[in-house]
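Report on the structure
Residues per chain, in single letters:
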Amino acid sequence: MSVLEVSQLVGRAGIRASGEISVVTRPSWERALAELARGHRDVSYVELSAVEFVDVAGVTALAITALNLPDGRVVVEHPPPQLPRVLDLLWPGQLRIEVAGR
Amino acid sequence: MNAMPVEETFEHPALFYRDAADYTEQTVAFVRAGLAQGEPVAVAVPGPNLRLIKDGLGPDAEGLLFLDMTEAGRNPGRIIPGVLRKFADSHADRRVRIIGEPIWAGRSAVEYPACAQHEALINAAFEGRAATILCPYDESKLTAEVLADARLTHPTLISRGREERSDAYDWEAIVARYNEELQVPADAARFAFDADTLSAVRAFAATRAEELGLTGLRLLDAELAVGELAANSLVHGGGRGTLAIWAEAGQVVAEVRDAGRLSDPLAGRRPRREDQTGGRGLMLVHFVADLVRVHTTEDGTAIRFYLTV
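Residues numbered from 1 in each chain as written. Chains lettered and ligands numbered in written order. Predicted model: local features only at pLDDT ≥ 70, side-chain atom pairs only at ≥ 80, totals over all residues.

Structural notes on the overall build of chain A
What counts is decided by this rule: A helix here means a DSSP run of H or I that spans at least four residues, while a strand means a run of E at least two residues long, and both kinds are numbered starting from the N terminus. Radius of gyration here uses only the C-alpha atoms, and the compact-globule reference equals 2.2 Å multiplied by the residue count raised to the power 0.38. In this scheme the burial state of a residue depends on its C-beta neighbours within 10 Å: 20 or more other such atoms mean buried, 12 or fewer mean exposed, and anything in between means partly exposed; the C-beta positions come from the backbone.
Scanning chain A for helices and strands turns up three helices and five strands. If you list the helices and strands of chain A from N to C, you get β-β-α-β-α-β-α-β. The C-alpha radius of gyration of chain A comes to 12 Å, within 12% of the 13 Å expected for a compact globule of 102 residues. The principal-axis extents of the C-alpha atoms in chain A amount to approximately 35 × 30 × 25 Å. Counting over 102 residues, chain A shows a buried share of 41%.

What follows is the structure, encoded as structure tokens:
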């Protein structure tokens with residue numbers, strides 16, 4: 001059974017996730033993103049170095065969260081390789097998400 | 001009054017051409033007619049034909065979108081979202097004009113059913129849209145069966161400079177005819193999965209795909225695509241399914257089979273608005289794969305994708 005754990009970052013706005021983002025763990029990922037959007041000011045961070053896999057719907061949820069922010073951007077740190085691949089294919093040229101440390 | 005203004009109707013003629021000179025004359029005239037009316041024009045045809053049209057247009061070719069269909073449309077399933085609708089939607093306020101040649105003599109027997117279905121589905125994807133899509137067919141090289149199918153997938157036919165309505169037009173019959181049963185080879189590796197083994201089936205697919213020769217981005221794509229098909233089985237296919245993976249003619253083939261029925265023939269081909277959730281998993285499979293084949297009935301659905309090693 002795949003699991004996903006999400007916690008708030010300490011000292012900066014955003015979240016840190018570990019585990020797997022898939023159809024099985026979708027509800028907790030979407031809850032975490034909703035919370036991220038509520039606390040967003042200018043730049044929010046999403047730290048994914050402990051995430052092994054993210055599927056298309058998981059990237060979609062993140063992309064839509066970022067697109068709906070009133071301003072600023074989301075910096076995604078150390079995502080699994082699926083994330084930049086799906087962004088390139090399905091959201092080419094979007095400017096709201098910055099991927100750091102592929 | 002329910003008549004739609006003429007300029008908002010969708011036109012989808014098949015052009016049967018005999019040779020390079022005939023091809024150039026007809027396609028160049030088609031492009032020029034669009035330019036004269038201020039329509040944005042895109043040309044997506046195989047490389048050598050791209051050259052014929054560019055040379056024929058001369059300076060008029062400047063500023064038009066040219067795509068090599070053997071790359072952009074390698075998998076015919078991505079031509080609607082990735083080429084045709086992408087272009088039309090980026091000029092949503094205008095009538096657009098496109099030459100799309102998805103079927104050429106080198107298309108394999110395993111690709112052709114998906115090509116014919118794609119031609120049929122253009123009619124559904126563009127219903128009521130202000131667009132003209134001309135599809136050239138090489139009379140001298142394509143089989144009689146392919147040319148006959150084009151009369152079912154296109155409401156109008158152009159041959160030897162004459163345009164006529166196709167009395168055989170029936171695109172849904174082509175979608176149904178090429179909804180062919182798919183056989184899995186006996187030596188394929190298999191993995192039955194459910195919600196508890198979603199990560200395991202992806203890992204199994206990745207390991208096997210690597211053993212069969214995929215590397216780098218293609219290996220990443222294989223794992224992603226299997227993950228999307230398996231997730232669809234969990235949500236729409238009865239909560240479980242079976243993966244099969246094998247090598248065939250220089251390609252890795254992965255198939256997911258489940259008990260669901262794919263009732264929307266345009267699934268995975270409908271462009272999504274940027275802020276729309278859902279409906280992108282199968283589209284991603286179409287974007288990364290060299291070919292996607294589907295067989296769907298009341299008893300279940302098999303979707304397989306091909307990645308060239």
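Let us keep going from here.
Considerations on the sheet that holds strand β4 (residues 73-77) of chain A
Residue and element names in this part refer to chain A. Defined as follows: The pairing criterion for strands is at least two bridges between them, as found by DSSP. Note on geometry: axes are C-alpha line fits, over the in-contact stretch for helices, and angles between N-to-C directions span 0 to 180 degrees. Two residues qualify as being in contact provided that their C-beta atoms, derived from the backbone, are within 7 Å of each other.
Taken together, five strands build an open sheet; the order of strands is β1-β2-β3-β4-β5 and the sheet is mixed. Where the open sheet ends on each side, the last strands, each with one partner, are β1 (4-8) and β5 (97-100). Ignoring which end each strand starts from, the neighbouring axes of this sheet average 20° apart. Sheet contacts for helix α2 (residues 56-67): β2 (14-21), β3 (43-54), β4 and β5; angle to β3, the most-contacted strand, approximately 175°.

What about the interface of chain B and chain A?
Using the following cut-off: For this classification, Asp, Glu, Lys and Arg are treated as charged, while Ala, Val, Leu, Ile, Met, Phe, Trp, Tyr, Cys and Pro are nonpolar and the rest, including Gly, are polar.
Taken together, the contact between chain B and chain A spans 19 residues of the former and 20 residues of the latter. A per-element tally of the side of chain B that touches chain A places helix α9 (residues 216-236) of chain B first, with seven residues. Taken together, the residues that form the side of chain B that touches chain A break down as nine nonpolar, four polar and six charged.

Observations concerning the pairing of β4(A)
In summary, the side chains of a regular strand alternate between the two faces of the sheet. Residue and element names in this part refer to chain A. Just so we agree on the cut-off: If the strands point away from the viewer and the path from the first strand over the helix to the second runs clockwise, then the crossover is right-handed.
The alternating pattern of β4 places V74 and V76 on a buried face, while none of R73, V75 and E77, on the opposite face, is buried. As paired strands, β3 and β4 are joined by five bridges and run parallel to one another. Bridge assignment links Y45 to a residue of β4, and that residue is V75. The parallel pair β3 and β4 is bridged by α2, and the resulting crossover is right-handed. One ladder, built from four bridges, connects β4 with β5; its direction is parallel. Opposite V74, over in β5, you have I97 as the bridge partner. You can see the chain leave β4, run along helix α3 (residues 82-90) and come back into β5, and the turn it takes is right-handed.

Observations concerning the confidence of the model for chain B
Residues and elements named next belong to chain B. Worth spelling out the cut-off: A residue's pLDDT is the predictor's confidence in that residue, given on a scale from 0 to 100.
A residue-level look at chain B finds 97% of positions with pLDDT of 70 or above and a mean pLDDT of 95. Long-range and interchain partners of residues 1-6, a stretch whose pLDDT sits below 50, account for one contact in this model, where long-range means more than four residues apart. This complex was scored by the predictor with a pTM of 0.95 and an ipTM of 0.95.

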